Amino acid sequence: MKKTYRLKNLDCANCAAKMEASIGKLAQVESVSVSFMTQRMSVTFADDVDADSLLKEMKKRIKKVEPDCEVAEQ
Amino acid sequence: MTKRQKRTLFRIIASLVLFAAGWFLEDWFSAGAFLAAWLIAGYDVLWRAIRNILRGQFFDEKFLMSLATGCALAMQDWSEGAAVMIFFQIGELFEQLAVERSRVSIAGLMDLRPDYAMVLRDGAEIETAPEDVQIGDILLVRAGERIAVDGVVLEGAGTLDTSKITGESLPAEVGVGSAVVSGSVNISGVLKIRAESAYAHSTVARILTLVETASEKKASAERMITKFARHYTPCVILAAVLLAAIPPLFFAQPFQPWLTRALTFLVISCPCALVISVPLSFFSGMGAAAKLGMIVKGGVALEQLSRTDTVVFDKTGTLTQGSFSVKEIAPNGIAEAELLRVAALCEAYSNHPIANALRSACPSPAGTVADVQEQPGFGITATVDGKKAAAGNSKLMQSLGISVRETEAVGTSIYIAYDGAYLGSLTVGDTLRENAAQAITALRADGVKKTVMLTGDNFRSAQLYATACGIDEFHAQLLPQDKVHAIESLTKNAQGAVVFVGDGVNDAPVLTLADVGIAMGGVGSDAAVEAADVVILNDDIGKLPKLISLAKRTVTIARQNIVFALAVKGICLLLGALGIASMWLAVFADVGVAVLAILNSLRALHSKTK
């Protein structure tokens, strides 16, 4: 399954790269791409993964890199 | 400017005033003014640095800036500590504004979302959200309004601006029965339109989804630079530590100058100028493509296109218009009109492309037709005006015992028999696109080494089309799986990238397999849009050379940015280690590189189109 999220207040390009690296390390995530330019993140994961709990975990990792960044579902 | 940015600007101005005051004041007043300037300019940076450390995030640029300027202040380099923080903030603000500007200007190109639809229900006009329009609803579109969903004109006539959808700059005239595409703007006239699709499945929604997910597939240059940055920062920090520790400890050097040099390193170690420069270039390139009516799915496609070696075309619908028409009429002792009439009657009920061509050559034939039997691979037999008739290939005629004169015409020949006699033949063919030959010449001029045409057609007609548009190589009589093999072997032999251009009908596997798959002719087929790397929204093959030169330009700009940023950083590190470059120079270099890289990237957006 592929989901796209909007990232508000994603302020720096390097932070986007860090988020991408950090979320990519999650076991459930097959692939992830964080685009600083479009302020979007798209994540691919297996169909049996619970999207809500994954989102929670991803939010935690995003906040760790950039505390002011808000994640919104598309 | 957002509220937050305005506040930052205000803080910068306030701290600059304090900074100036610091120069005129003396002793501790001066130090106090510089310290206040530092705090006002950088309190959010400091706060973020502290929070990040508590979260276990070191080495981000907020922390590095805080550490470098904090140490400078601790060494009583008051003005330097304050100045570096102020410049850092000015640079950040400028960077944000520039990025936002390019984001907005690119988003502006794709500004095609309809805000509302006027639905006619029981004679009343109701303003509806595009998402709530049902198939079959009647929409009223006045001049200046955007069409919300794909539909068909029921009443009225008008002129549509479809430039945002197809890149076609000439307005399109539409009238009753015309299909209209969502996202186009009615320039003049009033149209009543029947909705043929829901918003989610309409052209405009598909284009928007494509654009929004466009930057997923990152270019390798983009991945390389983020990877580099991940190692770059810790390495420079380590170097800074060594620089501060080794000379004083082992070579009996004074501590303070080496610490200053180390702090300069910390400022230079900030990676953002590097990391921003590359994605921004590719993003601008994608924006420039969008302006021309082409949607590029990610930087990787631009990167591959820039090293195009072989361009492979599907014939039907790509090099040719994909619409068949009667090219040659060879009657056998009767009038042409009579031959066409019998043919059209035989084919009256078939929906084969050839039948369509024969019917449109004689739109409403007089006479009756009955007992139509279609024999796939051969043709049709029927009873026309009470007598036996047949239309088909030479094998069909043979089986009916009718001898024919084989034609030499290129294309698909249909032989017609009536009441046991041979009436003559009709040859049906496709038409080459007007600018196909021109596009191929332009590709060659742009450095494409080989052009190839793939087709299911017979050898003779393939050869004719290949010669007419000046293509290097062609493969005829291919089945769909043969096209896949052809691409595989071309990829193996090519030095650069192999680009496949198709109309998206039945060629999804080939689109996926090629280094770059380009689907021409809009967002009609889901499979093609999914499989393709680039979607050309109309069917103008002349855009292909433009796309390739745009890709080359974008990649060049991205490379310039990388080299430039690395060179400046490298020189500053060297000068910093020698004690020539101060923290001032370092922060200027960092901010300056970012700004120049951003401005350079914007050149990709405003790329000239030949």
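Residues numbered from 1 in each chain as written. Chains lettered and ligands numbered in written order. Predicted model: local features only at pLDDT ≥ 70, side-chain atom pairs only at ≥ 80, totals over all residues.

J.: Help me understand the packing of helix α1 (residues 13-24) of chain A against helix α9 (residues 272-291) of chain B in this model?
T.: Packed helices, taken two at a time, are described by the angle their axes make and the gap between the axes. Interhelical geometry of α1 of chain A versus α9 of chain B gives an angle of 85 degrees and a closest axis separation of 7 Å. If you check the angle between α1 of chain A and α9 of chain B, you find them roughly perpendicular. Each of Ala13, Asn14 and Ala17 of chain A in α1 of chain A lies in contact with α9 of chain B, whose residues at this interface are Cys272, Val275, Ile276 and Pro279 of chain B. Among the residues making up the contact of α1 of chain A with α9 of chain B, the classes are represented as 6 nonpolar, 1 polar and no charged. (Axes fitted to C-alpha atoms, helices over the stretch in contact; angles between N-to-C directions. Helix = DSSP H or I, 4+ residues; strand = E, 2+ residues; numbered from the N terminus. Parallel < 35°, antiparallel > 145°, perpendicular 65-115°, else oblique. Contact = placed C-beta atoms within 7 Å. Nonpolar A, V, L, I, M, F, W, Y, C, P; charged D, E, K, R; others polar.)

J.: Explain the environment of Ala157 of chain B here, please?
T.: All names here are of chain B. Structurally, Ala157 can be placed in the loop between β4 (151-155) and β5 (158-161). Taking the C-alpha atoms as reference, Ala157 lies 37 Å from Thr368; in sequence the two are 211 residues apart. Sequence-distant contacts of Ala157, defined by excluding residues within four places in its chain, comprise Val174, Gly175 and Gly189.

J.: Looking at this model, I keep getting lost on the sheet that holds strand β3 (residues 138-141) of chain B. Mind explaining?
T.: Paired through their backbone hydrogen bonds, the strands of a sheet run either parallel or antiparallel. Residues and elements named next belong to chain B. Pairing in this open sheet of 6 strands is antiparallel, and the strands run β2-β1-β3-β9-β4-β7 from one edge to the other. The open sheet has two edge strands, β2 (124-128) and β7 (179-180), and neither has a second partner. For strand β1 (residues 117-121) and β2, the ladder comprises 5 bridges, and the chain directions are antiparallel. Note that in β2 the partner of Met118 across the bridge is Glu127. (Pairing = 2+ DSSP bridges.)

J.: Hey, could you run me through the domain arrangement of chain B in this one?
T.: How big an interface is tends to be reported as the loss of accessible area on association of its parts. Here chain B is partitioned into domain 1 (1-109), domain 2 (117-202), domain 3 (294-322 + 432-552) and domain 4 (325-429). Taken over C-alpha atoms, the centre of domain 2 of chain B sits 32 Å from the centre of domain 3 of chain B. (Domains from an automatic or database assignment.)

J.: I tried to follow the interface of chain B and chain A on my own but got confused; where do I start?
T.: Taken together, the contact between chain B and chain A spans 18 residues of the former and 15 residues of the latter. Of all elements in the fold, only α7 (220-250) and α9 of chain B reach the threshold of two or more residues within the side of chain B that touches chain A. Broken down by class, the residue content of the side of chain B that touches chain A amounts to 8 nonpolar, 4 polar and 6 charged.

J.: Even after reading the chapter, I still don't get unusual backbone geometry, so can you show me in this structure?
T.: Backbone phi values are negative for most residues with the exception of glycine, while trans is the configuration of most peptide bonds. All names here are of chain B. Phi is positive for Asp122, which is not a glycine, with a value near 50 degrees. Structurally, Asp122 is set in the loop between β1 and β2. Of the residues examined, Asp122 has 5 C-beta atoms within 10 Å and is grouped as exposed. Phi is positive for Asp419, close to 55 degrees, though the residue is something other than glycine. Structurally, Asp419 is set in the loop between β16 (412-418) and β17 (421-429). With 12 C-beta atoms counted inside 10 Å, the residue Asp419 sits in the exposed group. (Buried ≥ 20, exposed ≤ 12 C-beta atoms within 10 Å, placed from the backbone.)

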